[in-house]
Amino acid sequence: MSNQNFETEDRISELPEVLILMILCLLPLKVAIATSLLSKQWKYLWKLMPKLKFDYLDHKRQLGMFSSNACMTLLSHMAPVLQSLYFIIHLERCNAKDTGILLGVALGLHVYELVLEVRSREVFKFPRILFNVNTLVTLKLRHNVHMDVPSSFCFKTLRNLHLHYVEYKDHNSVINLMAGCPGLKTLTVHRYSHSNVKTFTISVPSLERLSIYNSNGGQQDWGYVTFTTGSIFDQLVYLELHAYKEAWWNLLTLMLDSSPKLKILKLVNQWRCEKDYVGRGEWKQPENVPKCFWFHLETFIWKGYKWQREDEKQVAKYVLENAISLKRAIFSSKRIKLKERVEVMKDLNSVIRASNVCQLIFK
């Protein structure tokens, strides 16, 4: 048999460089760097990757090497910009000082998206010097990050901000953070019940998408996101609220009244909080139908809809009865039997909908 039949063909190297870089971004960073040994052509390709992810777990056998290896990798990078840079940090493997230096090096590389996830009991204080960075478009902070935000800073280019269980020095830090993002388009806020800042104030008129998640706190008053008096979110087209905090509908009513151009409303429930539904009170309909119901609201989604709860049925029916431009109303619930599903659909279908074209869907 001819040896020609056993010859292997390197088809990957014939692909366009942009496509090869996309493939490399799908690999663990260590593996992507190892491809530099394949040939001269591949020697420098990893240095042009538009996305980098550093995970301390990849260095669990090399204690103390995470920050130095990450720094060397970043300093070797040759791409003019980094589309995305993701750090998963444990402060026992990379202390706060080294993490701050690492972030400083990283943000000197014209990073568009920065994701910082801290997985340790120790809290990492976000370096104040990094508030002067003017290349970030997206910033995602997750877990055990503490922010002491100065009053005179500005993330001019920031458009997307995700705050997942972040802690703040005080209420002024929250106000300063919102005020320092004048061009913000997307904001996601997740909060713990033990947050030291009891009131989270948002006043960002430029917002187009807002998602609010409040862990359930029972009778406590810690968890509500509030807005400065008279705030109008006249650019907001997408709103997502987690609807299991006590009296959550007060926030819903406030947001509907403040968002005249809202197109998509999504409510989310979680079954694990079933026990916290006791004594939630009664929902009161708004005095006036929100403006977004007249002209703009097209999609209403309720994930984890609890059909047994009278307050939730009232809210659902109110939206169906008053949203004139509504095109689709989507309800879903994991824990529901076939017989109950039929009853829920019958109940929702009995509502006289304001929109003649509204499609009712139950998943």
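Our subject is the structure listed above.
Residues numbered from 1 in each chain as written. Predicted model: local features only at pLDDT ≥ 70, side-chain atom pairs only at ≥ 80, totals over all residues. Heavy atoms only, no water.

What follows deals with the overall build of the chain. Helices and strands together make up the secondary structure of the chain, namely nine helices and 17 strands. Among the 363 residues that make up the chain, the fraction classed as buried is 50%. Nonlocal contacts in the chain, meaning residues at least 24 apart in sequence, comprise 70% of its contacts between residues at least 6 apart. Roughly 18,900 Å² of accessible area belongs to the chain as shown, and the carbon and sulfur atoms make up 53% of that amount. (Helix = DSSP H or I, 4+ residues; strand = E, 2+ residues; numbered from the N terminus. Buried < 20%, exposed > 50% of the residue type's maximum accessible area, 1.4 Å probe, protein only. Contact = heavy atoms within 4.5 Å. Areas by Shrake-Rupley, 256 points an atom, 1.4 Å probe, with all protein chains shown as cover.)

This part is about the state of the cysteines. Going through the model one piece at a time under the given rule, you end up with zero disulfides. Left unpaired, C94 is separated from the closest cysteine sulfur, that of C71, by 8.1 Å. Overall, the relative accessible area of 1% leaves C94 in the buried class. Looking at the unpaired C181, the closest cysteine sulfur is the one in C154, lying at 7.7 Å. Relative accessible area serves as the criterion here: at 1%, C181 is assigned to the buried category. (Disulfide = S-S within 2.5 Å.)

Here we take up the sheet that holds strand 15 (residues 299-303). Pairing is parallel across the open sheet formed by 12 strands, whose spatial order is 1-2-3-5-7-9-11-13-14-15-16-17. Each having just a single partner strand, strand 1 (51-55) and strand 17 (359-362) make up the two edges of the open sheet. With strand direction ignored, the average angle separating the axes of adjacent strands in the sheet is 5°. Bridge count for strand 13 (residues 238-242) against strand 14 (residues 264-268) is five bridges, and the pairing is parallel. Opposite E240, over in strand 14, you have K266 as the bridge partner. (Pairing = 2+ DSSP bridges. Axes fitted to C-alpha atoms, helices over the stretch in contact; angles between N-to-C directions.)

Counted under the stated rule, the structure contains 12 aromatic pairs. Judged by centre distance (5.9 Å) and plane angle (45°), the ring pair of F293 and Y318 falls under tilted. Residue F293 is found in helix 7 (residues 291-295), and its partner Y318 is found in helix 8 (residues 310-322); the two are separated by 25 residues along the sequence. Y318 carries the same exposure label as F293, and that label is buried. Ring pairs connect the aromatic residues F126, F131, F153 and F155, which therefore count as one cluster. A cation over an aromatic ring shows up here: R209 above the ring of Y238, its NZ or CZ 3.9 Å from the ring centre. (Phe/Tyr/Trp six-rings, centres within 6.5 Å; stacked < 30°, edge-to-face > 60°. Lys NZ or Arg CZ within 6 Å of the ring centre and 35° of its normal.)

Close contact between helix 3 (residues 66-76) and helix 4 (residues 96-107) brings their axes to 10 Å; oriented N to C, the two are set at 10°. If you check the angle between helix 3 and helix 4, you find them roughly parallel. Seen from helix 3, the contacting residues are F66, S67, A70, C71, L74 and L75; seen from helix 4, they are D98, L102, V105 and A106. Taken together, the residues of the contact of helix 3 with helix 4 sort by class into eight nonpolar, one polar and one charged. (Parallel < 35°, antiparallel > 145°, perpendicular 65-115°, else oblique. Nonpolar A, V, L, I, M, F, W, Y, C, P; charged D, E, K, R; others polar.)

By secondary structure assignment, the location of T99 is in helix 4. On the basis of relative accessible area, T99 is assigned to the buried category, the value being 1%. Once residues within four sequence positions are removed from consideration, T99 is found in contact with I89, L91, C94 and F124.

Now for the nonpolar core. One recurring pattern in soluble globular proteins: nonpolar side chains tend to sit buried together. Judged by nonpolar contacts, the single largest core of 105 residues is most densely connected at F87, M147 and L163. Element by element, the count of residues in this core is highest for helix 6 (residues 248-258), at six residues. Setting aside residues no more than four positions away along its own chain, M147 makes contact with F126, F131, L141, L163, V166, E167, Y168, K169, S173 and L177. (Core = buried A, V, L, I, M, F, W, Y, C linked by side-chain atoms within 4.5 Å.)

Turning our eyes to something else, we now look at the pairing of strand 3 (residues 113-118). Burial analysis of strand 3 places six of its six residues in the buried class, the great majority of the element. The two faces of strand 3 match: E113, V115 and E117 on one face and L114, L116 and V118 on the other face are all buried. Relative to strand 3, strand 2 (residues 84-89) is paired through five bridges, and the arrangement is parallel. From the neighbouring strand, I88 faces strand 3, where its bridge partner is E117. After leaving strand 2, the chain enters helix 4 and then returns to the sheet as strand 3, a path that is right-handed. Judged from the five bridges that link them, strand 3 and strand 5 (residues 138-142) form a sheet pairing that is parallel. (Right-handed = clockwise from strand over helix to strand, strands pointing away.)

This brings us to the pairing of strand 14. Sheet topology note: the strand 14/strand 15 ladder contains five bridges and is parallel. Considered in strand 15, the bridge of K266 is made with I301.

Here we take up the pattern of salt bridges. Any two side chains of opposite charge can pair, given that their charged atoms come close. According to the stated counting rule, one finds nine salt bridges in the structure shown. When the shortest N-O distance is used, the salt bridge between K185 and E208 registers 3.7 Å. Of this pair, K185 sits in the loop between helix 5 (171-179) and strand 9 (186-191) while E208 sits in the loop between strand 10 (200-202) and strand 11 (209-214), and the two are 23 residues apart along the sequence. Each member of the salt-bridge network shares a partner with another, and the members are E117, R119 and R142. (Salt bridge = Lys/Arg side-chain N within 4 Å of Asp/Glu carboxyl O.)

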